[in-house]
Amino acid sequence: MRRNRMVTKHAAVILAGCMMAALLGGCSDEKVDYQLGTEETDGRNAGSLKQFADEAKWSDEWNVPLAGGETLQLSVDANVVVPEVSAMSVVEVEETVVDAEYKKHFMSVMFDNGEIYYHDAAHHTKAEWEDEIAELEARIAINEEIIHSQQGFNQDEMASAEAWLDSLKEELQECRSYHQSAAEDYTPADSFDGCNEFIGYRDEVPYFVNFGMNDEGTVSVIRVECMDKLACGPSSLQEYDGVDIFGEQYRMEDDVNECALSMEEAKQIADQFADGIGRSYQVCYQTEEVWWEAYNEIEGDPLPQIVYEEDAICGYRFVYGTGVDGRAFAEYGGMTVFDNFGAKVEDTWESVEEIPEGFYDSKDRLSIVVTDAGVVDVTMDYPVTVTNVTEQVELLPLDTVKGIMKNEVMEHADDYDFSQSKYYNTLELIYFRLKNDDKKGSYSYVPVWCLSGKVAERRNHGVLVNAIDGSVIYVEDEI
C-alpha cells in the first residue's frame, strides 16, 4: 500500500521542485545533478551556509487530519541546528570490493609480510578440532542431563531444548568429520581466493583475521583479534591465565594507562594503518582508553570455569568513519543506525525476520586498538570507498524546506509514529546516505534537513527532506 501511494507523492514533490526551478531557470526530469555551480546570488555565495545564519527557531502549530476523521495537534518549537562548516558537500561512495587482491594487501599491512596461514574449518589443526570436540561433548552431556531431569520445562521449552541438543550433535558430527582429514600443523596461505579466515604472525604473536561474509556473499565485516592477548596487553596482568579486552570503564583517580605511547603517538599509528589499508576521507570521531580484564581458569565438571580477577588500562581505541570537514558522517546519525529515525518499520515489513540485513547494523565504521605492540585489534564494518566529492553544493531556502515538511505531515501523518511525542523540537541539517538505484552498492552522502521530536540520539517521527532538491526521503527506501 505504501509503495503505490509513493508514486503520487514523488510526483507532487517533483512538481513543487519544478515550480521552484522555474524561478531558477527551468525544470528537468533528469536525475539531480550534484555538480552545481557556486555563483553569487544577492551578494552571497549560493553554496554557503551563511544563508541560515539568522535561522534560530521554527515555531508553529499544526492541526493534522488523521484517517477516520480525527485531528492531531502537533506543536513545532524547533531549534534550527546547522553544522559549523562553511558549506556542504555531496560524497559519492561504493561498497569496498574485498577480493583476493584486497585481502592480500590488507594482510601485508597488518603483518608486514610476516607468516600467514589458512584458518578456515578445512585448515584447523587436529589439536584444535580435538579441543572443539571435547567441549561439544561436555555441552551435550550437560543438555542431556537437563532434559532428562525435565526441571521446570513446559512443552515449548522442552521442544526448544531438544532442538538445541540436536544442533549440538550435528555440530559434533561435523567436527569429527573435519578432524579425520585435519593436518597436524597450519597450512601456509599461498592464495587469498576462496578463503576468508587466516592466522597471521607479527613479532611471533598470532592474530586471527576474519573477512566476514553477509547473506549476499560479499564481505561486510573484517575482524582482527590477537590470539595471545597476554602478549599485547598490560604487563601488570601477566600472572593470570588470560585477559580480555572490554569497553571503557569508570576511571579512578589513581588508574594509570600502562601503554608507554601517548594518545597522540598511538593515533599516528592508527592513522597510518587506516591509510595503509586504503581508507580515504577517514575522520576519527571517538577515542577511548582500553580496559583489559584478567581471568583464571579453574577446574569444573564437565567444563572449566572462568573467574575474572582484576582489570587494568593499556592502550587506546580509535573509531573512524568516512566524512568531510573534520566530521564523520556517523556523527550526524544519518547512516549508522537507521532505527534512530523512529521509522514505522511494521508498515514496510510484516515481521522482524523480513527486515533486511544491515538495518540495525553499524555502517562504514573502523575501530582500531593500539598498544605498545602496535595495532592489536581491528573491526571494520561495511567499508566504503569514496569515488567522488562535490563541494559547496547549493541548498534550498529554509522556508521552502519548511513548506515541504509541513505538507508532508499534513497529507501523510498516518505514516509517522507519534506515539512517543506530539511535538517537533529540532530542525537540523545533517548528512544522510541515499542509495543509487541504478548501481547496487553505490551511495551518496547528501545534505538533508531533518525535523524531529529529538530525545537523546533518537529522532522521533523524523521528516527528512533533501536539502538540494526538496524531495522527501523515506528511511526504509534507503536500506
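All residue numbers refer to position in the chain's written sequence, counted from 1. Thresholds applied to this predicted model are a pLDDT of at least 70 for local features of residues and 80 or more for the giving and counting of side-chain atom pairs; totals over whole chains, interfaces and linings are not thresholded and use all residues. In computing side-chain properties, one takes all heavy atoms of the structure into account and sets aside hydrogens as well as water.

1. With respect to the pattern of salt bridges
For salt bridges, the criterion is a side-chain nitrogen of Lys or Arg within 4 Å of an Asp or Glu carboxyl oxygen. Going through the model one piece at a time under the given rule, you end up with 15 salt bridges. Residue Lys402 pairs with Glu55 through a salt bridge whose shortest N-O separation is 3.7 Å. Separated by 347 residues along the polypeptide, Lys402 in helix α6 (residues 398-412) and Glu55 in the loop between β2 (44-45) and β3 (57-65) bring together distant segments of the chain. Three or more residues are tied together by salt bridges with common partners; here these are Arg223, Glu225, Lys229 and Asp377. The helix and strand labels rest on DSSP assignments: H or I over at least four residues marks a helix, E over at least two residues marks a strand, and numbering proceeds from the N terminus.

2. Description of helix α5 (residues 263-276)
Over its 14 residues, α5 extends 20 Å from the first C-alpha to the last, a length consistent with the 20 Å expected when each residue adds 1.5 Å. Any residue under 20% of the maximum accessible area for its type is buried, any over 50% is exposed, and the rest in between are partly exposed; the area is computed with a 1.4 Å probe on protein chains only. Regarding α5, the residues found buried are Ala266, Ala270, Phe273 and Ala274. Along α5, the residues classed as buried sweep out an arc of 100° about the axis, all on the same side. Of the residues in α5, the exposed ones pointing more than 90 degrees away from the buried face are Glu264, Gln268, Gln272 and Asp275. Residues count as neighbours in contact if any of their non-hydrogen atoms are within 4.5 Å of one another. The inward-facing, buried residues of α5 abut α2 (100-111), β12 (305-324), β14 (365-371) and β15 (374-381). In this analysis, the expected span of each helix is defined as 1.5 Å times one less than the number of residues it contains. Read the arc as the range of directions from the helix axis to the C-beta atoms.

3. Points about the environment of Val90
Positionally, Val90 belongs in strand β5 (residues 90-95). Note: C-alpha distance between Val90 and Asn388 (298 residues apart in sequence) is 8.2 Å.

4. Details of the pairing of β12
Note: two strands are recorded as paired if DSSP finds a minimum of 2 bridges between them. Looking at chain direction, strand β11 (residues 282-298) and β12 are connected through 15 bridges and run antiparallel. Each residue of the ladder has a partner; that of Ile298, found in β12, is Gln305. Pairing between β12 and β14: five bridges, direction antiparallel. Each bridged residue has a counterpart across the sheet, and for Tyr320 the counterpart in β14 is Leu366. Of the strand pairs in this sheet, β12 and strand β13 (residues 327-328) are connected by two bridges, and their pairing is antiparallel. Paired with Val324 across the strands is Arg327, a residue of β13. Between β12 and β13, which pair antiparallel one after the other, the connecting turn spans two residues, and Asp325 there sits at a positive phi close to 55°.

5. Some details on the environment of Val219
Mapped onto the secondary structure, Val219 falls in strand β9 (residues 219-226). On the accessibility criterion, Val219 (13% relative accessible area) is buried. Residues contacting Val219, with those up to four places away along its chain left out, are Val98, Asn196, Phe211, Gly212 and Met213.

6. Considering the packing of aromatic side chains
In summary, the pairing rule links any two rings of Phe, Tyr or Trp, Trp by its six-membered ring, whose centres are within 6.5 Å, and it sorts them by plane angle into stacked for under 30 degrees, edge-to-face for over 60 and tilted for everything else. The full count for this structure, using the stated rule, is 18 aromatic pairs. Geometrically, the ring pair formed by Phe52 and Trp449 is edge-to-face, given 5.2 Å between the ring centres and 85° between the ring planes. Residue Phe52 is located in the loop between β2 and β3, and its partner Trp449 is located in strand β18 (residues 442-455); the two are separated by 397 residues in the primary sequence. The pair Phe52 / Trp449 is uniform in exposure class, with both members buried. Between the aromatic rings of Tyr117 and Tyr201, the centroid separation amounts to 6.0 Å while the plane-to-plane angle is 85°, which identifies the pairing as edge-to-face. Placement of Tyr117 in strand β6 (residues 116-118) and of Tyr201 in strand β7 (residues 197-202) is noted, with a sequence separation of 84 residues between them. A relative accessible area of 24% means that Tyr201 is categorised as partly exposed. Counting every residue linked through ring pairs, the aromatic cluster contains Phe106, Tyr118, Phe192, Phe198, Phe211 and Phe273. Seen from the ring of Phe211, Lys103 lies directly overhead, with NZ or CZ sitting 5.9 Å from the centre. Here the basic side chain of Arg327 rests over the ring of Tyr332, its NZ or CZ set 4.1 Å away from the ring centre. Lysine NZ or arginine CZ positioned within 6 Å of the ring centre and within 35 degrees of the ring normal marks a charge as sitting over the ring.

Note that all results are geometric; they support no functional claim without further evidence.
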